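# Residue-level structural notes
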Amino acid sequence: MPNWFRLALSLLQFQAPLHLSRVSLTADVPDKRIAIVGGGTAGIVMLKTLVDDLPKDLTQTWEIVLFEQRDDVGGIWYPDPHTPHPPDLPESPLYPRLRTNTPHPSMTIPQFQFPPGTALFPNHAFVHQYHKSMISRWNLSSYIHLRHEVLAADWHGDNVSGHWQLTALDRTHNRTVHAGFDHLVVASGHNQYPYEPKFQGQQVWEASAPGRKVLHSIFYREPEVYRGRNVLVVGGGASGRDISQQVVRFANSTYVSLRSDSMRLLPLPFPHIPGVERVGAISHFTPHAPVFEDGTSLPQIDTVLLATGYELRVPFLSFIRNTSLSTPLPDPHDCDALTNNGRYLRPLFRHVLSLAPTHAPLALAFIGLPIFVSNGISDFAQALLVAHALADPALLPPASALLADLRAQEAALDNPARIGHRIVQPGGGTAYQDELVAILQDSGREGGGIPSRGTRFTEPWREFATRESGRLRLAWLKIEALGKDEVRKWLGSVKRGDEAEWVDLMERLAEWFKEQMWSSGTRRLIGAPT
Ligand SMILES: Cc1cc2nc3c(=O)[nH]c(=O)nc-3n(C[C@H](O)[C@H](O)[C@H](O)COP(=O)(O)OP(=O)(O)OC[C@H]3O[C@@H](n4cnc5c(N)ncnc54)[C@H](O)[C@@H]3O)c2cc1C
Ligand SMILES: *[C@@H]1O[C@H](CO)[C@@H](O)[C@H](O)[C@H]1NC(C)=O
Ligand SMILES: *[C@@H]1O[C@H](CO)[C@@H](O)[C@H](O)[C@H]1NC(C)=O
Ligand SMILES: *[C@@H]1O[C@H](CO)[C@@H](O)[C@H](O)[C@H]1NC(C)=O
Ligand SMILES: *[C@@H]1O[C@H](CO)[C@@H](O)[C@H](O)[C@H]1NC(C)=O
Ligand SMILES: *[C@@H]1O[C@H](CO)[C@@H](O)[C@H](O)[C@H]1NC(C)=O
């Protein structure tokens, strides 16, 4: 940032317009003003794509700003130093023992891997560091305004032209700042607002004996505090699995409540965890116990941990209309506003571009909404679509065609309102990403992350890493159990830290695991000691 700019910043008055870095040096008025909200994976990948993957001669007259409310980037991977107490929500659901549940290469963007020596399923701190490395690798920090919370973004204009009036709280100086933008890219995440089912009788149960507690997993931190307690974990997703696995080592008893349809709804079946007993869905609470749908109850339970996921909210877009999960979805062509049922923002083209008729085309985009995808690569595919559409709005067909596409996408789903942004199409996230980038390939775009036409965007190894994620994790934990030398031996094969080396490691590990399973199976068959 040049010194004259720092000087200008220091002269800013309360409620002064926000002065922006990276204002073009060649033009007084930037061609396009783009605001990104959120400095997690999604926001950083969007920023990197605009700055690094579009032709520089094009973007040098653009003004690009990223707002992040916290004092560092990384999103959920940047821990909240405070111990959260309800009802105040923590800044991140991260807990000290959180390790990734996916192999780290699957969390990356192309050609930028975790450094050599990183455990295949690392502790959260390594993922935070990966985000910081993206910032320095592409020199992005001058675009990023930390400690700036976007409070409101309002569209001034109609469905042809206009601009966003953005209001942010500068937390360093405790003052509000205002700025105008042509395009708003929302990357504010969807793990901030807990989804908490309210069971009948729950409050009376909680108040009927000392020490009883119902807590959402966003507040979960250390398993030791559950020593001697009788814990019921509700939900079998990634959080429910991980928390059950940790709590069972300290609790007197641990149960997990799974809905009967959970086999269908979970991306992975709930594993067998020694000591964790499965029960059905909760029906209600009596003053003495939670009661399950099969009529059984568990009177010894004193702690209920709700690993029931999150609700999607974008509080700074006050024009969004709230609906409920059971509100029928009108035909996309009949939508007169952006709506949110807590799980699904609509109408969006491929979960990215807002098609609401209340603002100009391409004025509003979302990065990072999809669930059941590998975030980094999905964010990158979305960001490429947004960046190229901003560079050349003629790239996309007219709104009516995009709405027709949404209609066709939804028609392929059982219940689009409930499925929301879960990517359940054949081929999953890989197919989703490839289709987004194929739009760019079909219109002749190539380079800057877009492979030539006919070549799939998602490298084939990512499909393998996603499919084998569960097995690779068991294999990796087994390697770790064998000791430091074994870990060193496996990681030693990764010297430069490029994709080929990490892929080779994962492939060998999957092979090794198969052999282990096979030989332990045979030993069991022939009765040999294991
Ligand atoms: C406990 C947990 C474990 C997970 N483990 C894995 C895993 O192992 N592997 C995997 O692939 N995925 C995992 N995920 C999924 C994870 O959500 C993604 O990996 C990814 O971090 C999401 O990034 P994001 O940028 O979309 O959102 P976030 O990380 O939530 O980032 C959003 C950012 O926006 C900022 N923000 C929000 N509102 C505003 C505002 N008004 N003004 C300014 N800034 C704002 C927030 O402060 C935050 O920094 C996990 C998720 C959770 C909750
Ligand atoms: C990084 O950005 C700073 C400030 O914008 C600039 O002075 C510097 O030359 C850049 N470095 C590289 C390697 O591009
Ligand atoms: C920030 O400013 C508001 C009013 O502008 C004031 O009410 C509040 O106390 C201030 N907070 C801090 C931490 O200074
Ligand atoms: C410990 O758990 C068992 C069930 O496994 C239960 O019967 C017993 O009451 C619990 N004891 C205490 C002290 O909570
Ligand atoms: C929509 O719901 C959110 C919380 O989920 C709330 O903050 C917001 O005010 C609601 N909007 C309207 C228009 O009621
Ligand atoms: C834009 O708004 C006008 C007037 O409100 C309306 O007639 C027209 O159909 C809108 N166009 C689109 C593409 O939404």
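What counts as what
Residues numbered from 1 in each chain as written. Chains lettered and ligands numbered in written order. Predicted model: local features only at pLDDT ≥ 70, side-chain atom pairs only at ≥ 80, totals over all residues. Heavy atoms only, no water. Helix = DSSP H or I, 4+ residues; strand = E, 2+ residues; numbered from the N terminus. Rg over C-alpha atoms; globule rule 2.2 N^0.38 Å. Buried < 20%, exposed > 50% of the residue type's maximum accessible area, 1.4 Å probe, protein only. Contact = heavy atoms within 4.5 Å. Areas by Shrake-Rupley, 256 points an atom, 1.4 Å probe, with all protein chains shown as cover. Lys, Arg positive; Asp, Glu negative; His and termini not counted. Charge placed at Lys NZ, Arg CZ, Asp CG, Glu CD. Domains from an automatic or database assignment. Buried area = accessible area lost by both parts, 1.4 Å probe. Salt bridge = Lys/Arg side-chain N within 4 Å of Asp/Glu carboxyl O. Polar contact = N/O pair within 3.5 Å; in protein donor to acceptor, adjacent residues only side chain to side chain. Pairing = 2+ DSSP bridges. Axes fitted to C-alpha atoms, helices over the stretch in contact; angles between N-to-C directions. Core = buried A, V, L, I, M, F, W, Y, C linked by side-chain atoms within 4.5 Å. Parallel < 35°, antiparallel > 145°, perpendicular 65-115°, else oblique. Left-handed = near helix turned anticlockwise from the far one by under 90°. Nonpolar A, V, L, I, M, F, W, Y, C, P; charged D, E, K, R; others polar.

Secondary structure summary: the chain contains 15 helices and 22 strands in total. Radius of gyration (C-alpha) of the chain: 25 Å, near the 24 Å computed for a compact globule of 530 residues. A principal-axis box enclosing the C-alpha atoms of the chain has dimensions of 75 × 55 × 50 Å. Taking all 530 residues of the chain together, 52% fall into the buried category. For the chain, long-range pairs separated by at least 24 residues make up 66% of all intrachain contacts whose partners lie at least 6 apart in sequence. A total accessible area of about 24700 Å² is found for the chain, and carbon and sulfur atoms account for 54% of it. The chain carries 50 positive and 53 negative side-chain charges, and their two centres are separated by 6 Å.

Under the domain assignment, the chain is made up of domain 1 (3-99 + 120-192 + 313-393), domain 2 (196-308) and domain 3 (468-520). A straight line from the C-alpha centre of domain 1 to that of domain 2 covers 35 Å. With 16 residues of domain 1 at the interface, the matching set in domain 2 holds 14 residues. Taking both partners together, domain 1 and domain 2 bury about 1200 Å²; carbon and sulfur atoms supply 60% of that area. Counting every contact that joins domain 1 to domain 2 gives 2 salt bridges. The salt bridge partner of Glu222 is Arg97, with a shortest N-O separation of 4.0 Å. Along the contact surface separating domain 1 from domain 2 lie 5 residue pairs in polar contact (both at pLDDT 80 or more).

Pairing is antiparallel across the open sheet formed by 3 strands, whose spatial order is β4-β5-β6. Looking at strand neighbours, the two that pair on one side only are β4 (148-157) and β6 (175-181), the edges of this open sheet. The sheet shows a mean angle of 20° between the axes of neighbouring strands, direction not considered. Looking at chain direction, β4 and strand β5 (residues 162-170) are connected through 9 bridges and run antiparallel. Note on β5: the bridge partner recorded for Ala153 is Leu166.

Before going further, it helps to examine the nonpolar core. Judged by nonpolar contacts, the single largest core of 78 residues is most densely connected at Met46, Leu47, Leu50, Leu353 and Val386. Of the residues forming this core, the biggest block, 10 residues, is contributed by helix α8 (residues 375-391). Split by domain, this core shows at least three residues from each of two domains, domain 1 (3-99 + 120-192 + 313-393) and domain 2 (196-308). Val386 has contacts with Met46, Val185, Val352, Leu353, Ala365 and Ile367, leaving out every residue within four places of it along the chain. In terms of nonpolar packing, the next biggest core, distinct from the first, is built from 29 residues, Val65, Trp164, Leu166 and Leu184 among them.

Here the focus is the packing of α8 against helix α11 (residues 428-442). Angle between the axes and distance between the axes are the two parameters that describe a pair of packed helices. One way to put it is that α8 packs onto α11 with a least axis distance of 9 Å and a crossing angle of 20°. Between α8 and α11, the angle is such that the two are roughly parallel. Every pair of crossing elements has a handedness; the one defined by α8 and α11 is left-handed. In contact with Ile377, Ser378, Ala381, Gln382, Leu384, Leu385 and His388 of α8, α11 contributes Tyr432, Gln433, Leu436, Val437, Ile439 and Leu440.

Taken N-terminus to C-terminus, the directions of helix α2 (residues 41-53) and helix α4 (residues 124-137) make an angle of 15°; their axes are 11 Å apart at the nearest point. The orientation of α2 relative to α4 falls into the category roughly parallel. The element α2 and its partner α4 pack so that their crossing is left-handed. Touching Thr41, Ile44 and Val45 of α2 are His131, Met134 and Ile135, all from α4. Tallied by class, the residues present in the contact of α2 with α4 amount to 4 nonpolar, 2 polar and no charged.

Right, let's get into the sheet that holds strand β19 (residues 345-346). One open sheet accounts for 3 strands, arranged β17-β18-β19; its pairing is mixed. In this open sheet, the two edge strands, each paired with only one partner strand, are β17 (321-322) and β19. Taken together, the 2 bridges between β17 and strand β18 (residues 339-340) define a ladder with parallel strand orientation. For Asn322, the partnering residue across the bridge sits in β18 and is Asn340.

Our next topic: unusual backbone geometry. Most of the time, phi is negative for any residue but glycine, and the peptide bond is trans. Residue Pro86 is joined to Pro87 through a cis peptide bond whose omega torsion reads 5°. Relative to the helices and strands, Pro87 resides in the loop between β2 (62-67) and α4. Residue Pro347 is bonded to the preceding Arg346 through a cis peptide linkage, with omega at 0°. Locating Pro347 in the fold gives a position in the loop between β19 and β20 (348-349). If you check the backbone angles, Gln111 has positive phi at about 60° while not being a glycine. Inspection of the secondary structure assignment puts Gln111 in the loop between β2 and α4. In this structure Gln111 comes out as exposed when scored by relative accessible area, which is 65%. Residues other than glycine seldom take positive phi values, yet Arg350 does so here, at roughly 50°. Positionally, Arg350 belongs in the loop between β20 and β21 (353-354).

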